[in-house]
Structures are given as structure tokens and as C-alpha cells.
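What follows is each chain in one-letter form.
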Amino acid sequence: MAATRHSQLKLDSEIERARAECQWERIQSLAGQLSSKSPDPAGDDFGDLLLAEALLEQCLKGNVAKLKDCIPLMEKQEPKMRAAKKYLTNILNRGKLTPKYLTEAMLILGKLHYIEGSYRDATSMYARAGIDDISVEDEPLYRMRLVTEAFVIKGLSLERSPASIASRARLSEREEEVTACFEKASWLAQVYLQKLEKLSSGTPSRHLKSSVSSQDFELTYFLEAALQSAYVAHLKKGNILKGMKELRDVLRIVETKATQTFKMTAARHLAEVLLHSSSEDCYWNPLSEPPPDLENKEEHSFISSTRRQKPQLHSGENLYCPQDNIEEALLLLLISESMANRDAVISRAPDQKEDRAVSLQNASAVYDLLSITMGRRGQYVMLSECLERAMKFACGEFHLWYQLALSMIACGKSAYAVSVLRECAKLRPADPTVPLLAAKVCIKPLHRLEEGIQFAKLVTEMGEDAGELQAKGFLALGLLYSLQATDAVVKSKQDDLHKKALHALERAHLLAQDDHQIIMYLALQLALVRQISDAIEHLQEALKFCNDDLNSLHLLALLFSAQKDYGHALEVINMAVSEYPENFSILFTKIKLEWVLKGPEEALVTCRHMLNLCQTLFHVSQISGSEKETSLAEEQMTPKPSAIHLALPDVHDPDSGSQRASSIAASRLELAMSEITMQSAAHKSGPVQLWMSLEQIWLKAAELFMEQQHLKEAGFCIQEAASLFPTSHAVLYMRGKLAEMKGCLEEAKQLYDEALTVNPDGVKIMHSLGLILNRLGRRTLAEKVLRDAVQIQSTSHEAWNSLGEALQAQGKSEAAVECFLTALDLESSSPILPFTVIPREL
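So, how was this worked out
- Residues numbered from 1 in each chain as written.
- Predicted model: local features only at pLDDT ≥ 70, side-chain atom pairs only at ≥ 80, totals over all residues.
- Heavy atoms only, no water.
- Helix = DSSP H or I, 4+ residues; strand = E, 2+ residues; numbered from the N terminus.
- Contact = heavy atoms within 4.5 Å.
- Areas by Shrake-Rupley, 256 points an atom, 1.4 Å probe, with all protein chains shown as cover.
- Core = buried A, V, L, I, M, F, W, Y, C linked by side-chain atoms within 4.5 Å.
- Buried < 20%, exposed > 50% of the residue type's maximum accessible area, 1.4 Å probe, protein only.
- Patch = residues over 30% accessible without salt bridge, like charges linked within 9 Å, V, L, I, M, F, W, Y side chains within 5 Å.
- Salt bridge = Lys/Arg side-chain N within 4 Å of Asp/Glu carboxyl O.
- Lys, Arg positive; Asp, Glu negative; His and termini not counted.
- Expected span 1.5 Å × (residues − 1).
- Polar contact = N/O pair within 3.5 Å; in protein donor to acceptor, adjacent residues only side chain to side chain.
- Axes fitted to C-alpha atoms, helices over the stretch in contact; angles between N-to-C directions.
- Parallel < 35°, antiparallel > 145°, perpendicular 65-115°, else oblique.
- Left-handed = near helix turned anticlockwise from the far one by under 90°.
- Nonpolar A, V, L, I, M, F, W, Y, C, P; charged D, E, K, R; others polar.
- pLDDT = per-residue confidence, 0-100.
- Phe/Tyr/Trp six-rings, centres within 6.5 Å; stacked < 30°, edge-to-face > 60°.

Asker: Hey, could you run me through the overall build of the chain in this one?
Answerer: Per the secondary structure count, the chain includes 39 helices and 2 strands. Taking as baseline every contact in the chain between residues at least 6 positions apart, the subset at least 24 positions apart corresponds to 66%. As displayed, the chain has an accessible area near 38,900 Å², and 52% of this comes from carbon and sulfur atoms.

Following this line, the structure appears as C-alpha cells:
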């Protein structure tokens, strides 16, 4: 007798455990054992109850997709559900079970009514069971699961029940009841899962085979709904504060292995709310209560009764607390990203295809939000590092690869970005935006022209499939050929590349005849080959479509200056300055025009204005005594944060306009050497381009002072430029010019040699060096240097004229005459500054 009782107790214990862990196949086996031991198997209602629950849960497991889409299950199509309903109806009709098990039968039948779409019947069944009065204290764990699911199903049933005239009057009361159900279900689900994990982790070794660990425990549809229902209900009603509070409470609860995926989803949802529906002005940190004035704006929400059992919360001292909504969102998303990476499914096995898709979808959602969050704070380096970690499971996923490329472009990792864009082009070969973006990066800042041409051709070869972007593809191709022509040192190759550039730009114009950018660059290309009249004609067409375009106005001024119409050129520049008062490139052109038209004194006024412009954008501090002796400025600038965009010239020397690869390399070398030799690092915190422009202002002022024979002031200006970039080829060149004006020809020659060492393709440096060598009597070497200059820049009339002088000094009169005639021809169409100061970029 004692053995029988012990066997029965053991069986009851196994049944309770299996029901708590949702082992429905084992429940069916145990129900069979229970029936075999019962004296009346046909009347064993408890066994029927177990079978009904197991059959219903197996039916639910196979129809999760329909449940998520709110599609009712048809009894005639679901034999397991039909059998479960028959069992439960018979049990309740007979009423032989104890009240405890009869209540459980009602809870299970209420669930069945819900999934078949009988929402009123489900609500009535739960009212009959009296779920509000059911206690889960000191009860088996499976009973807490049943009550949890009952509350969430009751809330869902009330939401979906059709509203009658009478129910509309108590709609607010119903909404409060729904919220209360969801809140109870949420915290009961957390308590249940924490207890389940303790139960599983405390399983003796002899029972491990028959138990399910919490890591293997799969959340049922209704348990997952219970975890999410409370905060979702608040957010759907527009109660943002209550939704945020519920989400924060959920995230503070000690997680179980079964809730890890849910926690990642909840963290992502809270981040979405913080980014979309919360501002920094109305933010409150997680450890405090929301301001009363914000709470009063939201609808009153039913406050659930005091919870006897509470889930375990994370606690500790000196916990980190975010200070604004972006900070909290970023923290949440970084946690979610860590979890997404940890749980990523990277196996390419066919049987894991669905799991891999879910893993990728979760990760993509997190990385999209990270892009928004970090983009708001400009943290593109951190974003690119996060996206690089995603590459382990982003095989073949274009979206994440493209996000990585964009983040790398934003943080200045241009070379890496091009490599990633190449992979993106392989993943989506029919998308013209990818190679077009790669070509844009190759043009600037990388200046990898041959590679850019390959990307541009990918777009042009798509033909009509590229749509409107086909014209942009030909534009990119034209700009790349044009830049290659500028780099070329052989005249025949220059001419060939200019023809290719012109042809590509004409094709672009035919495809997009109203695109002012394409027309402007076509005009620029015509200007580069000195077809000035045609260039002006096309430029006037571009200005009809966009009369305030900066580059168009700048180019028009240069074209007027090429026709020696300096008055109209200055009028256009003044118009451009009024539209773009902080653009240094047009201000340098204005200085040059004022120098020619009104003299150096007027140009110095513009130099002073440019220095004042820098001072308005940057904090100032007192400077040394030597600087006070100049007539330009009495203060040295240190950077301050500024949101104003400065349009700066693309090149180190505004007069050269050179964008050739060697000049870019020279500029990088100068920056590196200047950082090594710099005594004061005060300027390093500012943008490098700004300090390069400041150097140009001082050097331009020095040149104007030299024109006035004010050599002392010129020396002070050069000294200021040297304090910014000590090894700059432009600084060395101006020092050479100053030495030359002082009559120190050997010193000037040495300084020109040093400048040429830093920038081997500097045409102005070669020109001045050739003149010095000619004056020093070293005419053969002067001829060689000047021939190199005209070979690099065949449109420099000054270099041709100086070459003619060197040849004439050697008695080569015929060759000298040819050089002079070439110089005259070029000078007649030469602009005040080279056309290449107009940036060629997409």
C-alpha cells in the first residue's frame, strides 16, 4: 500500500513538472500511466484534462503563424483541437473533479475559445473561473503559467470583442480592465520564468534526461504575448511615459535564458520610443520618476493591485545612469547589438535557413537604429566598428554592407569604403547608385582616377536600365577623364583625355538637358581647352536653371577674366560673395581681381576681411609681439566649435589649382612634417582645411605687401604662415620670392629647390626657379626647368614666356619666338586664376 502511494506521489510530481516545463509529449505518456492505474479508466477525468491540455498545446505549436495574424482556427480542420474540446466539455459536464482541477479545465477551455475566435465565450469562461481571485502562492509552477496565459488572453479577448451600444458607454472602463490584465500577465510571466529557471538548474542528475533546461525552453505564443502586452498597450494608447516606464521595468528584471531574445526586442523597442517619441527637453532618467506636468498630459491608466510576488530585479551601487534620451537609446542598442552578435546564426546549413533569417532580421533592426542614434551624435567611427562586427553573419546581405560603406565614408575611411562598395556592387549589380557612389569617393577624397573610371563605366554600360542615373554616370566619367588630363604630363595624352572628357560630358548633357550641374561641368571642360565663347554660352544655359549656383558663378567670373573683362568678373564675384559670404575660394578670386583692377591696397582689405571671418568662427587669444607689427591682425585664432559649414578651396595653393596626385601627396607630406616640427599644437583641434586656408591668406597678404615693396610686413605674414605649416612648399616658395626681392639670389634658389623637393610638380616654383637660374647665368639648367614646367602645365603663358627668355639668352632666337607667340596666344585666353580652382566632384 505504501509502495503504491509512493508511486502515485512520484507520478503526480512528474506530471506537475512536465506541465510546468511544457513537455506535452511526456504529458500524454504520463496521462496513459495515470489511466492504467485508475480503477475506472473511462472515468478518469484528470487524465482527460491532461490529454486535452497536451492536444491543445500541440495544436497551438503548429499554428503560431495564424495566431500572430489573428486568424481563428477552425475546429473541423484541427482534429487535436476538436478532441481537446470534447474532453474539456465532458469534464465540465460531469463535474467530478475537485474545484482546483475544474478551474484549470475552465482556463484551458477559455484559451480554446479564444483561438477559435469566440472572444465573448473566452471572457465568460474566465469570469466563471474567477481568475481575479485565483492565488498562485504556494501552488505548482504550471498553475502560474495557466493564470499568466489566462490574463493575457482575457485582455486580448476584451480588445477584440465587438463593442455594442452598452459597451461603448463603458469603453474607458474596459480599456482600464485590459491594461490591468496585461500588467498582471507581464509580471506573472517574469516570475514564472525565473522560477522555472531555478527549478531546471536545481534538477538532480538522475532527472536531467526527463527535464527541459531553461536554455532549451521555448516561449509559447501566449507567454511571449504576456511579456510584451503591457508596454505595447500603453504605447498603442499614446501613453508614452507609461510605456517607457513599463519597458524600463521589464529591462531591470533579472533575465533568464528563455527571455534573452525578448530582452533584446524590448531594448530595441525602448530605443525606438526614445528616438521617435521623446526629446531631450522632456527626458527623465531611469532611476527617477517622470515630471508631474508630463504625467498629467497622459490619460489616467488603471493601476494594478499590489503585487505579492515580484520578479527579481538587477540592483547594485554606483550603477551607470544615462543623462539624455540619445545616451539611453545608444546604451540599449549597444546591449542589443552585443546580444544579436552572441546569438547570431552563421551556419549556412539548409535546415537553419529560417533561424538565420530571423537572426539577420533582428540584427538589421538593431543596426538601423544604431545608424540613426550614432548619426545624431556624429559617432561614425563607432558605427563603422559596430557594422564591421555584423559582417560575420551578413553574407549576401546588401543592406548591412551598404550601411557599412556609408558609415566608412562618413568617418573618413574612404579606401575601405570603396572596397566595401565593390562588394555591394557584386551583391546588387543592377543598382547604379552603388558604383556611382564609389566613383564619387574615388574622385574625392581618394583621387584614384583609374578605379573611379571602372566604377563609372559600370553605370554607363547599364544603358537605359540605369534610368536617370545614366547621365550621372557619364558626368562621373567626364570628370574623371578631365582630372586625368590635368595629371597628365604628355601633351598628346592630355589632348586625348580632354577629348574623352568632352565627349562623356556631351553624352551626359544629351541624357539630362535640364541638369545645371552637368551643363556647368561641360562649360568648365570647354574652358579648360580654352573654348571660352562656347563655355560662356553653355554656362549661361546652366544659370537659367540655377542662377545662384556657386561653381557656376565662380566659373563665369573666371571666364570674364579670361576675356580680360575684369570689371564684370568682379561684379559676378561680389554677387557670389553676397550669396556665399563664408566661401574662401571665391574670396581668393576676389583678392586677385581687386589686385588687378584696384591695386594691392584694396586687395589687402579683403585679406583683412577673411581674417576677421576666421575670428568670428573661432575663439581668439592674444598673440606675440611680432604679429602685432603687421597691419592685418593683432590676434591669433584658436578653434571653437561651430556648426557653420565652411566652403574651402580644394587645393593647397589657390593660384595653382592643381589636383594632381603628386600635389595631394605633397600636401599630406607637409601636414605630417608640420605636426612633427610644430612647436605649438594649438591649431590641431581645428579642421585642417581651415588652417590651410588661413596659411593661404597670410601668404596672399605677403604677396600683396611685396607688390607694394613693404618687405618687412611681407616677412611677418610669411612668418605667420610658417607657424601653421613650417615645411609647406607654399611657405618655402614665398620665402624664396622674398629673398629674390631682397637680391639674395642664391638663397632664393636654395629655397625654390627645397619647395620643389616637397612638391615636384609645382609649376609656379619651377617658373621662379627657372628665372633665377637664368639670372645666375645657368641658362641650360634654366631651360630644362622651364621645359619641365610647360610640359606639366602646357597652358601656363608665364612659363612659356620665361622659357622664351631663357632660349633667347642662349641665342636660340627661332625657338624663343615660338615660345613668345605661344605665350601670347595662351595669355589672350588665360583667366585670373586657373580654371582648375573649380572643384570637379559629383
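Asker: Could you clarify how one ought to interpret the nonpolar core in this entry?
Answerer: Most often, soluble globular proteins have nonpolar side chains that are buried together. Grouped together as the largest cluster of nonpolar side chains are 266 residues, with contacts concentrated most on L555 and F835. Element by element, the count of residues in this core is highest for helix 32 (residues 688–707), at 12 residues. Once residues within four sequence positions are removed from consideration, F835 is found in contact with L524, A527, L528, R530, I532, L555, L558, L559, A562 and S829.

Asker: Just checking my understanding: could you explain a nonpolar patch on the surface for this structure?
Answerer: On the surface, a nonpolar cluster with roughly 290 Å² of combined accessible area is contributed by Y320, L331 and I335. Along the polypeptide, Y320 turns up in the loop between helix 14 (292–295) and helix 15 (325–342).

Asker: Whenever I open this one, the environment of E159 confuses me. Can you help?
Answerer: Structurally, the position occupied by E159 is in helix 8 (residues 141–160). With 40 residues separating them along the chain, E159 and Y119 place their C-alpha atoms 9.1 Å apart. Residue contacts for E159: discarding those within four places in its chain leaves V178, F182 and K236.

Asker: What is the right way to read the side chain of R840 from this model?
Answerer: You can see R840 is positioned in the segment after helix 39 (813–827). The charged side chain of R840 is buried without a salt bridge, its nearest counter-charge being D487 at 7.0 Å.

Asker: What's the story with helix 28 (residues 584–598) in this structure? I'm lost.
Answerer: Over its 15 residues, helix 28 extends 20 Å from the first C-alpha to the last, a length consistent with the 21 Å expected when each residue adds 1.5 Å. For helix 28, the tally of buried residues reaches 12 of 15 residues, placing the bulk of the element in the interior. Among the residues of helix 28, those classed as buried are F584, S585, I586, L587, F588, T589, K590, I591, K592, L593, E594 and W595. Two or three places before S585, at the start of helix 28, stands the capping residue N583, its side-chain oxygen 3.0 Å from that residue's backbone nitrogen. Backbone geometry just after helix 28 places G599 at a positive phi near 100 degrees.

Asker: So what exactly am I meant to see when it comes to the pattern of salt bridges here?
Answerer: Side-chain pairing between opposite charges can occur once the charged atoms of the two side chains come close. Under the counting rule described, the total for this entry stands at 35 salt bridges. A salt bridge links R248 to E328, with the nearest nitrogen and oxygen atoms 2.6 Å apart. Taken together, the residues span a long stretch of sequence, with R248 in helix 12 (residues 240–252) and E328 in helix 15 at a distance of 80 residues. With respect to class, R248 is no different from E328; both count as buried. A salt bridge links K812 to E783, with the shortest nitrogen-to-oxygen separation between them at 3.3 Å. Of this pair, K812 sits in the loop between helix 38 (797–809) and helix 39 while E783 sits in helix 37 (residues 779–792); the two residues are 29 residues apart in sequence, bridging distant segments of the chain.

Asker: How do you make sense of the packing of helix 26 (residues 550–562) against helix 27 (residues 566–579) when you look at a structure like this?
Answerer: Closest axis-to-axis distance for the helix 26/helix 27 pair is 7 Å, and the angle between their directions is 165 degrees. Between helix 26 and helix 27, the crossing angle belongs to the class labelled roughly antiparallel. The two elements helix 26 and helix 27 cross, and the hand of that crossing is left-handed. Of helix 27, the residues touching helix 26 (which contributes L553, H554, L556, A557, F560 and S561) are Y566, H568, A569, V572, I573, M575 and A576. The class makeup of the residues in the contact of helix 26 with helix 27 is 10 nonpolar, 3 polar and no charged.

Asker: What exactly am I supposed to notice about helix 24 (residues 516–528) here?
Answerer: Residue pairs spaced three or four apart in an α-helix point in one direction, given the helix's 3.6 residues per turn. Spanning 13 residues, helix 24 covers 18 Å between terminal C-alpha atoms, matching the ideal 18 Å at 1.5 Å per step. Along helix 24, the residues classified as buried are I518, I519, M520, Y521, L522, A523, L524, Q525, L526, A527 and L528. Here the buried face of helix 24 lies against helix 22 (469–487), helix 23 (491–511), helix 25 (532–545) and helix 26. Here helix 24 starts with a cap whose side-chain oxygen sits 3.0 Å from the backbone nitrogen of Q517, and that cap is D515. Once helix 24 finishes, R530 follows within two positions and takes phi at roughly 65 degrees, a positive value.

Asker: Would you take a moment to explain the confidence of the model for the chain for this structure?
Answerer: Detail in the predicted coordinates should be disregarded across regions flagged by low pLDDT. This prediction gives the chain a mean pLDDT of 84; 85% of its residues lie at or above 70. Contacts of residues 204–211 to residues separated by more than four positions or lying in other chains number 8 contacts, the stretch itself having pLDDT below 50.

Asker: Where do I start with the packing of aromatic side chains in this structure?
Answerer: The relative placement of two aromatic rings is captured by the distance of their centres and the angle of their planes. This structure, assessed with the given rule, holds 6 aromatic pairs. Ring centres of Y733 and Y752 lie 5.7 Å apart, and the angle between their planes is 35 degrees; on these two criteria the pair is classed as tilted. Placement of the pair is Y733 in helix 34 (residues 729–741) and Y752 in helix 35 (residues 745–758), with a sequence separation of 19 residues. Judged by its relative accessible area of 8%, Y733 is buried. When its relative accessible area of 0% is taken as the criterion, Y752 is described as buried. Pairwise contacts between aromatic rings join Y114, Y119, Y221 and F222 into one cluster.

Asker: Even after reading the chapter, I still don't get the packing of helix 16 (residues 353–377) against helix 17 (residues 380–390), so can you show me in this structure?
Answerer: The angle between the axes and the distance between the axes are what describe a pair of packed helices. Between helix 16 and helix 17, the least distance of the axes is 9 Å, while the angle of their chain directions is 170 degrees. If you check the angle between helix 16 and helix 17, you find them roughly antiparallel. Note on element contacts: helix 17 touches helix 16 through Y380, M382, L383, C386, L387, R389 and A390, opposite Y367, L370, S371, M374 and G375. Looking at the contact of helix 16 with helix 17 residue by residue, the classes come out as 9 nonpolar, 2 polar and 1 charged.

Asker: Is there a simple way to explain unusual backbone geometry in this structure?
Answerer: The general pattern is negative phi for most residues beyond glycine and trans for most peptide bonds. Each neighbour pair has its own omega, and for K444 with P445 the value is 20 degrees, a cis peptide bond. The residue P445 is located in helix 20 (residues 433–446) in this model. Phi is positive for C70, which is not a glycine, with a value near 60 degrees. With respect to the helices, strands and loops of the structure, C70 is situated in the loop between helix 4 (64–68) and helix 5 (79–94). You can call C70 partly exposed: its relative accessible area is 37%. Positive phi values are uncommon outside glycine, yet D138 reaches one of about 55 degrees. Topologically, D138 is positioned in the loop between helix 7 (119–129) and helix 8. Accessibility expressed as a relative area gives 83% for D138, which makes it exposed.

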